[in-house]
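# Coordinates in review
Spelled out from the first residue to the last, the chains are:
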Amino acid sequence: MSYEPKPEHKFTFGLWTVGNIGRDPFGEPTRSAMSPVQLVHLLAEVGAWGVNFHDNDLIPIDATASEREQILKDFKQALADTGLVVPMATTNLFTDPAFKDGAFTSNDPAVRAYALQKTMRAIDLGVSVGAKIYVFWGGREGTETDSSKSPLDAIKRYRDAINFLCGYVKDQGYDLKFAMEPKPNEPRSHIFLPTVGDALSFIATLDDPDMVGVNPEVAHEHMAGLNFLHGVAMAWTSGKLFHIDLNDQLFGRYDQDFRFGSMMPKQAFYLVRLLEDNGYEGSRHFDAHAFRSSDYEDVKAFARGCMRTYLILKEKAAQFNADEEVQSLLAEIHADDGSFSYLNSGYSKSAADQLSAVTFDRVALGNRSLPYERLDQLTIDILLGVR
Ligand code: GLT
Ligand code: MN
Ligand code: MN
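Being a predicted model, the structure only gives us computed values, none of them experimental.

## A few points about the coordination of the manganese ion (ligand 2)
- Glu-217 (OE), His-220 (NE2) and Asp-257 (OD) make up the full set of protein donors to the manganese ion (ligand 2), lying at 2.1 to 2.6 Å.
- In the primary sequence, the donor residues of the manganese ion (ligand 2) line up as E-x2-H-x36-D.
- Here the manganese ion (ligand 2) and the manganese ion (ligand 3) are spaced 4.5 Å apart, and both take Glu-217 as a donor. Pair check on accessibility: Glu-217 and His-220 agree, each one buried.

Structure, rendered in structure tokens:
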């Protein structure tokens, strides 16, 4: 099989991902900045389908009206020349010092108002180039000291802001949905909406919950020591998996944003299998960046690697699903003789009566053999390519 990316795979990257210049808290950039137009061409060269951006990845925060117009014109030309699409856009509400204590959750009402206005403008910008998903990553929405801000106030402000912006989108008649992106910490010590579960419960409290879903990121759940697959499954089963940020991350580390599947390929395999087996139709967005030691040739290798690994794992998932030994083990594990099918349609008085009358052989239940070691080794054999 060829692992060449195709448009139907919906592989996307942010301008900020391949455009990452290798700055970190301890060191200066290791790569010179590329323009958005150059980055669009780089992404086209490696075979990506789409490009996403923050308002200020494209248009500097202090650009004049005429600079803005020229940049936008050049960017649209680059999209037309390459055929790249813009499925998602977002707002930078974290770089500028104005947002040092948060944007929507800042204690300062003027900062909160500025954040709303900046987001309205960034929504207009995203929609003007075709974005259908709008991401909210609240990197600065948090605290270092909980003396400074009541989390109850902050969550209310967050809710008010998202409600306001949903109203704006509807009023403008835009075909746009929101996706909340959780993260537990970094850059703040404590970020509001730290996990997928928090974001899902927040969404349920909004005025129009149908407009809002989640954008889970591998690295962010791993930072919290959580099972990303389970978080994604929760979002999926709630009808809320509007977008996904793919990368890799070891547990218990700073935000690493590694190439997809490069650190925990087995977890990445389960994730790809879940997405592919269940017909996930959104973007496969790589929110990752190349090592600080890379030059732009190596950045291309990084981007190609993200997509290649995804496609290899997709093939492995198909192999797993078709493997007779795996399937016969799974059939054995999931065996069901139908004795309890009367419980499948939920509670009824008769089901409860029938259940009450059953005598269970508890010891036999506990003695049942579960060949999960065999199954797991078959999975490893498939992943390591010896099957
Ligand atoms: C930032 C963050 C990402 C978010 C981006 C969207 S910006 O790089 O680390 O996880 O998805 O705002
Ligand atoms: Mn990240
Ligand atoms: Mn992300």
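Having put the structure on the table, let's press on.
## What about the packing of helix 10 (residues 265-277) against helix 11 (residues 296-322)?
- Closest axis-to-axis distance for the helix 10/helix 11 pair is 8 Å, and the angle between their directions is 75 degrees. In terms of axis orientation, helix 10 runs roughly perpendicular to helix 11. Residues Pro-265, Ala-268, Phe-269, Val-272, Arg-273, Leu-275, Glu-276 and Asp-277 of helix 10 lie in contact with helix 11, whose contacting residues are Tyr-310, Leu-313, Lys-314, Lys-316, Ala-317, Phe-320 and Asn-321.
- Along the lines of polarity and charge, the residues of the contact of helix 10 with helix 11 split into 9 nonpolar, 1 polar and 5 charged.

## A few points about the site of ligand 1
- Every residue near ligand 1 is listed here: Trp-16, His-54, Trp-137, Glu-181, Glu-217, His-220, Asp-245, Asp-255 and Asp-287.
- Between an oxygen atom of ligand 1 and a side-chain N or O atom of His-54, the distance comes to 2.7 Å.
- The contact in question runs from an oxygen atom of ligand 1 to an N or O atom on the side chain of Glu-181, over 2.6 Å.
- Notes on ligand 1: free accessible area 310 Å², of which the protein chains cover 91%.
- Tallied by class, the residues present in the shell around ligand 1 amount to 2 nonpolar, 2 polar and 5 charged.

## Thoughts on the pattern of salt bridges
- All chains considered together, the criterion is met by 16 salt bridges.
- When the shortest N-O distance is used, the salt bridge between Asp-101 and Lys-149 registers 3.2 Å. A residue pair is termed long-range when its members are at least 10 positions apart, and Asp-101 in the loop between strand 3 (88-90) and helix 5 (109-128) and Lys-149 in the loop between strand 5 (142-143) and helix 6 (151-172) qualify at 48 residues.
- Looking at Asp-101, the relative accessible area reads 23%, which means it is partly exposed.

## Things to note about the sheet that holds strand 8 (residues 212-214)
- The 8 strands lie next to each other as 8-6-4-3-2-1-10-9, forming an open sheet whose pairing is parallel. At either margin of the open sheet sits one strand with a lone partner, and together these are strand 8 and strand 9 (245-246).
- Looking at chain direction, strand 4 (residues 133-137) and strand 6 (residues 177-181) are connected through 5 bridges and run parallel. Bridge pairing in strand 6 places Val-135 opposite Ala-179.
- In the packing of helix 5 onto the sheet, contacts are made with strand 2 (50-54), strand 3, strand 4 and strand 6, and the angle to strand 4 comes to roughly 145 degrees.
- Along the sheet, helix 11 contacts strand 1 (11-14), strand 9 and strand 10 (284-286); its crossing angle with strand 1, the most-contacted strand, is approximately 145 degrees.

## Let's talk about the side chain of Glu-181
- One can find Glu-181 in strand 6.
- Within the buried set, Glu-181 has no salt-bridge partner at all; the shortest N-O distance to an opposite charge, 7.2 Å, is to Lys-183.
- Separated by 2.9 Å, the side chains of Glu-181 and Asn-215 make a polar contact.
- In this view, Glu-181 contacts Val-135, Phe-136, Trp-137, Gly-138, Asn-215, Glu-217, His-220, Asp-245 and Asp-287; residues no more than four positions away in its chain are not counted.

Cut-offs applied
Residues numbered from 1 in each chain as written. Chains lettered and ligands numbered in written order. Predicted model: local features only at pLDDT ≥ 70, side-chain atom pairs only at ≥ 80, totals over all residues. Heavy atoms only, no water. Donors = N, O, S within 2.8 Å, 3.2 Å for Na, K, Ca; no water. Buried < 20%, exposed > 50% of the residue type's maximum accessible area, 1.4 Å probe, protein only. Axes fitted to C-alpha atoms, helices over the stretch in contact; angles between N-to-C directions. Helix = DSSP H or I, 4+ residues; strand = E, 2+ residues; numbered from the N terminus. Parallel < 35°, antiparallel > 145°, perpendicular 65-115°, else oblique. Contact = heavy atoms within 4.5 Å. Nonpolar A, V, L, I, M, F, W, Y, C, P; charged D, E, K, R; others polar. Near = heavy atom within 4 Å. Polar contact = N/O pair within 3.5 Å; in protein donor to acceptor, adjacent residues only side chain to side chain. Areas by Shrake-Rupley, 256 points an atom, 1.4 Å probe, with all protein chains shown as cover. Salt bridge = Lys/Arg side-chain N within 4 Å of Asp/Glu carboxyl O. Pairing = 2+ DSSP bridges. Lys, Arg positive; Asp, Glu negative; His and termini not counted.

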